[in-house]
Amino acid sequence: MSHRTTEQEDRSLARIQYRPEIDGLRAVAVLAVILFHLDIGLSGGFVGVDIFFVISGFLITSIIMADLEAGTFSLKAFWIKRLRRLAPANFMMLSATLLLGLIVLLPGELVSLAKAQLAQIVLFANFHFAFRIDYFDPIAALNPLLHTWSLAVEEHFYLVLPLLLLLCFKRGKRVVLSTVVGLMVLSFLFSLWRVEQNQALAFYLLPSRAWELLLGCGLAFLPPTSKKTSLKQGLFQVVISSASLIALGYCVTCYDETTLFPGANALLPCIATVGLIYGTQHDNFVRRWLSLQWLVGIGLISYSLYLWHWPIIVFTKLAFRFEPSLSSSLLLVILCFVPAYLSWKYIEQPFRKRAWCFSDKKFLLGVLALGTFFVISSLLIIRMHGIPERFDPKLYDVVHASVSNRFQRSSAEAIQQRGLPMVGADDGTTRFVVWGDSHAAAISELVQDLAKEVGVTGYIACRNATIPLLKEGSYGRSDQQVWNEAVYEFIKQKQIKNVIFVARWSGYINRQAGRLQRYSHAEFDDAVRITLQRLASEGIHVWILPQVPEQEIDISRAILTADRTNSSVPYGVSLEQYQENQARVYNAFHQSSSSGLTVLDLTTSCFRDGHSLIGQADGTYYTDDNHLSLLGSQVLIKPVLKPLFEQFIETPARAAQDSSPGM
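## With respect to the overall build of the chain
On a plain count of helices and strands, the chain comes out with 28 helices and 10 strands. Split into buried and exposed, the 663 residues of the chain put 56% on the buried side. If you take every contact in the chain between residues at least 6 apart in sequence, the share linking residues at least 24 apart comes to 80%.

Dropping the structure here:
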């Protein structure tokens, strides 16, 4: 994210005229982002980041081109200025976030923070969040450093742009402009394609965002309008700036989380930003409004305000179970300004103006030392599993539940070369395969222990974010289907006659959650039908383990609060909510119902008095809001699977005949 302050003291910026209305535009952008994050009326406030991208491209290109034309441009000087501008305030925010994380965050959350911190230090925060490095990240949406993805995008841009402009400038200004325009068009076309294929990658990564920055770059090449504008020119600028302001207003109020973004929908806010920058070169009411002193003041501290607002929001929610109301959210907005102003005045300004650490060599050594500290501290926290020793030992199973990855096979090649992991008693006759996504991995340790206890042999086929269906959905990844086909061929080869499907079923229907495939209702029905038909043709009986209740509360914190207040562990979602959420899934199963399909019943073990169980005083049944812990699988799933395994040990055929469908 870009947050350029006036920097009038810099000689390079002295060559371009300071425009206070651009600081005012920054204020609009950062306020839009903050109000969006607090859900105060601006459902499309996330476009504030796009506004910053355009501003960044415009100002940075103006600075570089001014220096190139004056013959004073230096890559080293440019990058050091960027580092002085961005690093000190960022390090201060990271230090405070790490300290608060050690106090407030649960082990899994602290590991999540450490991974994001490590990614931010090495300039890969956007890749970290785009690919969701840890699929089981317990607070991906509430990671205190989630907002740093946009900083990484700009940092990548700052590494590439000056090199590009320097190389092209040697061949003439026309070559520079044509290169910028060409790359902008290519990036925009790539964004249109990528957002349809994988929205997360399009949202977080530079190739599909570069056109926004390059749009600002192109604007920098337009000659400024004459100071003595005609009435016609003045009217044109008023129309342009007014229409652009209205367009931005539309975007921040009418866009929402369902808007496919960036791609084509990012074009309007970016063009509107260009219109505002171009249309406010001379006095008009839009320029006067954007130049209001309080807006300019917010624009001046916008970088620090952006850095601090998200950690403050996250820690408030986590520490105090904060549910935003209008009054509390407004108070939180005001609170964000305190560290932002202090950071701007006592960190940003002194380092930029060289009042602190005048020597570039000492400054770079300091950055290297602090960066090394953050890398080492991040790695230590990850290695120590989030330091669960910070909590009372009796609460270990509450704060440190995790999902097993012992039985994972990540690729079709791994299955073909090594087969599937075997569990239970090796009696020579394989009775079953548990096949599914991360929800299968979550119960894999239980399956291993239960199979040994009963004396039955089986295999586990589990792969994160891979639903066990033999037809992919819209925007499905081909490697996931290759993996499923490899499992199917393994089952046929081993002549296994009982398959237990386990998955986060509802997560794949009309929704893109992380890396999950997306099925329309019709596609899902069709995929279930095709899968069951293919298995039935091999004489295989399918057992469906329904999705466990997906919770809406922070389970570990709810149990810790119950312990602290000496009260009962609360319940989770109601049976009615669960049935409503899973209705579409059950419809698909029952439409494909046959003698070769049994849908198991989880309601008797997962619910009590019409509400779902989430844990007990000394342990949580979940590792996050939808994956079971080992304790949870023992309490909630064992009562369902044990009778089934006992039937398997008698005879596979009898198990299929004796069982009746659940729910």
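## What to know about the pairing of strand β2 (residues 430–436)
Most of β2 sits out of view: seven of its seven residues are buried. The pairing of β2 with strand β3 (residues 457–462) spans six bridges and is classified as parallel. Paired with Phe432 across the two strands is Gly458, which belongs to β3.

## Here's the deal with the side chain of Asn90
Looking at where Asn90 falls in the secondary structure, it is placed in helix α4 (residues 75–104). Setting aside residues no more than four positions away along its own chain, Asn90 makes contact with Gln120, Leu151, Tyr303 and Leu307.

## With respect to the packing of aromatic side chains
The final tally for this structure, using the stated rule, is 27 aromatic pairs. When the ring of Phe124 is compared with that of Phe127, the centres are 4.9 Å apart and the planes differ by 40 degrees; the resulting orientation is tilted. Phe124 gets classed as partly exposed once you look at its relative accessible area, which sits at 41%. Geometrically, the ring pair formed by Phe432 and Phe648 is stacked, given 5.9 Å between the ring centres and 20 degrees between the ring planes. One end of the pair, Phe432, is in strand β2; the other, Phe648, is in helix α27 (residues 630–650), and 216 residues separate them in sequence. We note that Phe432, like Phe648, is buried. Three or more aromatic residues link up through ring pairs in this structure, and these residues are Phe36, Phe46, Tyr250, Tyr255 and Phe261. For Arg84, the ring lying beneath its charged end belongs to Phe363, and the centroid distance is 4.6 Å. Here the guanidinium or amino end of Arg534 rests over the ring plane of Tyr488, the centre of that ring lying 4.5 Å away.

## Focus: the environment of Asp479
Checked against the element boundaries, Asp479 lands in helix α22 (residues 478–494). As a C-alpha pair, Asp479 and Ser411 span 68 residues in sequence and 7.9 Å in three-dimensional space.

## Some remarks on the packing of helix α8 (residues 173–197) against helix α10 (residues 210–220)
For any two helices packed against each other, one specifies the inter-axial angle together with the distance between the axes. Their axes nearest at 8 Å, the elements α8 and α10 cross at an angle of 150 degrees. When the axes of α8 and α10 are compared, the pair comes out roughly antiparallel. Crossing handedness for the pair α8 and α10: left-handed. Residues Val180, Leu183, Met184, Ser187, Phe188 and Ser191 of α8 lie in contact with α10, whose contacting residues are Ala210, Trp211, Leu214, Leu215, Cys217 and Gly218. Of the residues contributing to the contact of α8 with α10, the split by class is nine nonpolar, three polar and no charged.

## Overview of the pattern of salt bridges
Oppositely charged side chains can form a pair if their charged atoms are brought close together. For the structure on display, the rule yields 20 salt bridges. Ionic pairing is found between Glu348 and Arg85, a salt bridge with its closest N-O pair at 2.7 Å. Of this pair, Glu348 sits in helix α16 (residues 326–352) while Arg85 is found in helix α4, placing the two residues 263 residues apart along the sequence. Each member of the pair, Glu348 together with Arg85, is buried. Glu453 serves as the salt-bridge partner of Lys642, at 3.0 Å between the closest nitrogen and oxygen. Highlighted residues: Lys642 in helix α27 and Glu453 in helix α21 (residues 444–454), separated in sequence by 189 residues. Taking relative accessible area as the criterion, Lys642 reaches 27% and is therefore assigned partly exposed. Judged by its relative accessible area of 44%, Glu453 is partly exposed. Counted as one network, the salt bridges with shared partners bring together Arg19, Glu21 and Arg287.

## Describing the nonpolar core
In this structure, Ile64, Phe157 and Ile277 are the most contacted members of the largest nonpolar core, which totals 111 residues. At 13 residues, helix α3 (residues 48–70) tops the list of elements feeding residues into this core. Not counting chain neighbours up to four residues away, the residues in contact with Ile64 comprise Phe73, Phe78, Leu161, Pro162 and Leu165.

## Overview of the confidence of the model for the chain
When pLDDT is averaged along the chain, the result is 86; 89% of the residues meet or exceed 70. A low-confidence stretch, residues 1–14 stays under pLDDT 50, and its non-local contacts, those more than four residues away or across chains, total 48 contacts. Residue range residues 133–139 is modelled with pLDDT below 50. Its contacts to residues more than four positions away, or to other chains, number 24 contacts.

## Overview of helix α23 (residues 521–536)
An α-helical turn contains 3.6 residues, so a residue and the one three or four places further along point in the same direction. Between the first and last C-alpha of α23 there are 23 Å, a value that for 16 residues agrees with the 22 Å anticipated at 1.5 Å per step. Buried within α23 are the following residues: Phe524, Asp525, Asp526, Ala527, Val528, Thr531, Leu532 and Leu535.

## Some points on unusual backbone geometry
Looking along the chain, the bond that leaves Phe261 and enters Pro262 is cis, with omega of 10 degrees. Inspection of the secondary structure puts Pro262 in the loop between α11 (231–254) and α12 (267–279). Unlike most non-glycine residues, Leu123 shows phi in positive territory, near 65 degrees. Summarising the element assignment, Leu123 is placed in the loop between α5 (107–121) and α6 (125–131). A positive phi angle, close to 55 degrees, is found at His385, a residue other than glycine.

## Here we look at the pairing of β3
Taking burial as the measure, the six residues of β3 include six buried ones, the bulk of the element. Examined bridge by bridge, strand β1 (residues 422–424) and β3 share three bridges and lie antiparallel to one another. From the neighbouring strand, Gly424 faces β3, where its bridge partner is Thr457.

## Digging into the sheet that holds strand β4 (residues 498–502)
Taken in spatial order, the six strands of this open sheet run β1-β3-β2-β4-β5-β6, and their pairing is mixed. Every other strand in the sheet has two partners, leaving β1 and β6 (597–599) as the edge strands with one partner each. For this sheet, the mean inter-axis angle between neighbouring strands, taken without regard to orientation, is 25 degrees. As paired strands, β2 and β4 are joined by four bridges and run parallel to one another. Along β4, the bridge assignment pairs Val433 with Val499. Docked against the sheet, α21 engages β1, β2 and β3, running at close to 55 degrees with respect to β1.

Conventions used here
- Residues numbered from 1 in each chain as written.
- Predicted model: local features only at pLDDT ≥ 70, side-chain atom pairs only at ≥ 80, totals over all residues.
- Heavy atoms only, no water.
- Helix = DSSP H or I, 4+ residues; strand = E, 2+ residues; numbered from the N terminus.
- Buried < 20%, exposed > 50% of the residue type's maximum accessible area, 1.4 Å probe, protein only.
- Contact = heavy atoms within 4.5 Å.
- Pairing = 2+ DSSP bridges.
- Phe/Tyr/Trp six-rings, centres within 6.5 Å; stacked < 30°, edge-to-face > 60°.
- Lys NZ or Arg CZ within 6 Å of the ring centre and 35° of its normal.
- Axes fitted to C-alpha atoms, helices over the stretch in contact; angles between N-to-C directions.
- Parallel < 35°, antiparallel > 145°, perpendicular 65-115°, else oblique.
- Left-handed = near helix turned anticlockwise from the far one by under 90°.
- Nonpolar A, V, L, I, M, F, W, Y, C, P; charged D, E, K, R; others polar.
- Salt bridge = Lys/Arg side-chain N within 4 Å of Asp/Glu carboxyl O.
- Core = buried A, V, L, I, M, F, W, Y, C linked by side-chain atoms within 4.5 Å.
- pLDDT = per-residue confidence, 0-100.
- Expected span 1.5 Å × (residues − 1).

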